[in-house]
Amino acid sequence: AEITGAYKAAQAEPFSDTAVLLLAAGESQRYADGDKLHADLGGRPVLSHAAGLLMDYDVAARVAVVGADQPSRRILLESEGWQIVVNRNNSAGQSTSLKVGIQAISGLRDVKHVLVLLADMPFVSETHLLSLRRAIAPDISAAMSISSDTLCPPAIFSRAVFDQLANISGDTGARHVFRALEHTATIPLTESEAIDIDTTEDLARATSAVTV
């Protein structure tokens, strides 16, 4: 009965035990025209697209990681209801943002999972995020997106994996943790949803996708 009750609750409020972690501390080094996350995409900053996901859902927490020298990102995210964690070592790679985010979320007792999003992926759908969440089961500790046979964000991890995520290094993200796990799932991500913004050319292609 307890298992059945938990299942029904997960269907009604799928993210109520899940913290959403938005990694938004990248330095835009490959982007030739200022801060890529503030570039206009369909009338909104690139950052607002990812930041606006799951706003109609009850989530356990919304935590966004920004760099110490990125106050405008912080202002935008706080205006949309995100709790901010500052990564003072963001120049060392994406893994540092994941680590500080996981450390902050680990202290939240009601969180059983963390859903990791990237701020420069503006086209990920809520339908895809629901598929990731529903892939998590008692025997599945993580689910990751896969596009063109390549593992990629977004991804979701159970609390049992938090310590491993907090000990990654370099700029490889969480993929090598995922690959080391025995019981996982992959969820296909469409080519259009997998678009990320690294260069001005990427933004031009994304803008074309918005206007089609």
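The preceding data block contains the structure.
Peer 1: Quick question: what am I supposed to make of the overall build of the chain here?
Peer 2: Secondary structure assignment for the chain yields eight helices and nine strands. Since a compact globule built from 212 residues should have a radius of gyration of about 17 Å, the 16 Å found for the chain is in line with a globular shape. Looking at the chain as a whole, 49% of its 212 residues qualify as buried. Considering only residue pairs separated by 6 or more positions, the chain has 71% of its internal contacts joining residues 24 or more positions apart. Separation of charge centres in the chain, based on 17 positive and 26 negative side chains, amounts to 5 Å.

Peer 1: Looking at this structure, I do not really get the packing of aromatic side chains. What am I missing?
Peer 2: Each aromatic ring pair is described using two quantities: the centre-to-centre distance and the angle formed by the ring planes. A complete count under the given rule lists one aromatic pair for this structure. For the ring pair Phe-15 and Tyr-57, a centre distance of 5.5 Å and an interplane angle of 85° mean the geometry is edge-to-face. In this pair, Phe-15 sits in the loop between helix H1 (2–12) and strand E1 (18–23) while Tyr-57 sits in the loop between helix H2 (46–51) and strand E4 (61–67), placing the two residues 42 residues apart along the sequence. Given the relative accessible area of 0%, Phe-15 is considered buried. When its relative accessible area of 25% is taken as the criterion, Tyr-57 is described as partly exposed.

Peer 1: Can you walk me through unusual backbone geometry in this structure?
Peer 2: Glycine aside, residues mostly have negative phi angles, and peptide bonds mostly take the trans form. In the segment running from Pro-153 into Pro-154, the intervening peptide bond is cis, with an omega of -5°. Residue position: Pro-154 is located in strand E8 (residues 150–158). Although it is not a glycine, Ser-28 sits at a positive phi angle of roughly 55°. If you trace the backbone, Ser-28 turns up in the loop between E1 and strand E2 (40–41).

Peer 1: Is there a simple way to think about the side chain of Ser-158 in this case?
Peer 2: Structurally, Ser-158 can be placed in strand E8. Assessed through its relative accessible area of 12%, Ser-158 is described here as buried. When near neighbours in sequence (up to four residues on either side) are disregarded, Ser-158 contacts Lys-112, His-113 and Ser-141.

Peer 1: Explanation requested: the pairing of strand E6 (residues 113–118) in the structure shown.
Peer 2: Every regular strand shows the same layout, with side chains that alternate between the two sheet faces. Most of E6 sits out of view: six of its six residues are buried. Residues His-113, Leu-115 and Leu-117 of E6 are buried on one face, and the alternating residues Val-114, Val-116 and Leu-118, pointing to the opposite face, are buried as well. Where E1 meets E6, six bridges bridge the pair, whose relative direction is parallel. Residue Val-20 lies in a different strand from E6, and its bridge partner there is Leu-115. In this structure, E6 lies alongside E8, joined through four bridges in antiparallel fashion. Across the sheet, the residue bridging to Leu-115 is Ile-156, located in E8.

The rules we used
Residue numbers here run from 1 along each chain, matching the order of that chain's written sequence. Confidence filtering applies because this is a predicted model: local features only for residues at pLDDT of at least 70, side-chain atom pairs given and counted only at 80 or more, and all residues used for totals across whole chains, interfaces and linings. The side-chain figures draw on all heavy atoms in the structure; neither hydrogens nor water molecules are used. The way it works is that DSSP assigns letters per residue, a run of H or I at least four long becomes a helix, a run of E at least two long becomes a strand, and they are numbered from the N terminus. Two things to know: the radius of gyration comes from C-alpha atoms, and the globule rule equals 2.2 Å times the number of residues to the power 0.38. For the exposure calls, accessible area comes from a 1.4 Å probe over protein chains only, and a residue counts as buried if that area is under 20% of its type's maximum, exposed if over 50%, partly exposed in between. Any pair of residues with heavy atoms lying within 4.5 Å of one another is described as a contacting pair. Just so you know, the count uses Lys and Arg for positive and Asp and Glu for negative, and it drops His and the chain ends. For this purpose, a charge sits on NZ of Lys, CZ of Arg, CG of Asp or CD of Glu. When two rings of Phe, Tyr or Trp (its six-membered ring) have centres within 6.5 Å they constitute a pair, described as stacked for plane angles under 30 degrees, edge-to-face for angles over 60, and tilted for the intermediate range. Strand pairing follows a simple DSSP-based rule, namely that at least 2 bridges must link the two strands.

Keep in mind these numbers describe shape, not what the thing actually does.
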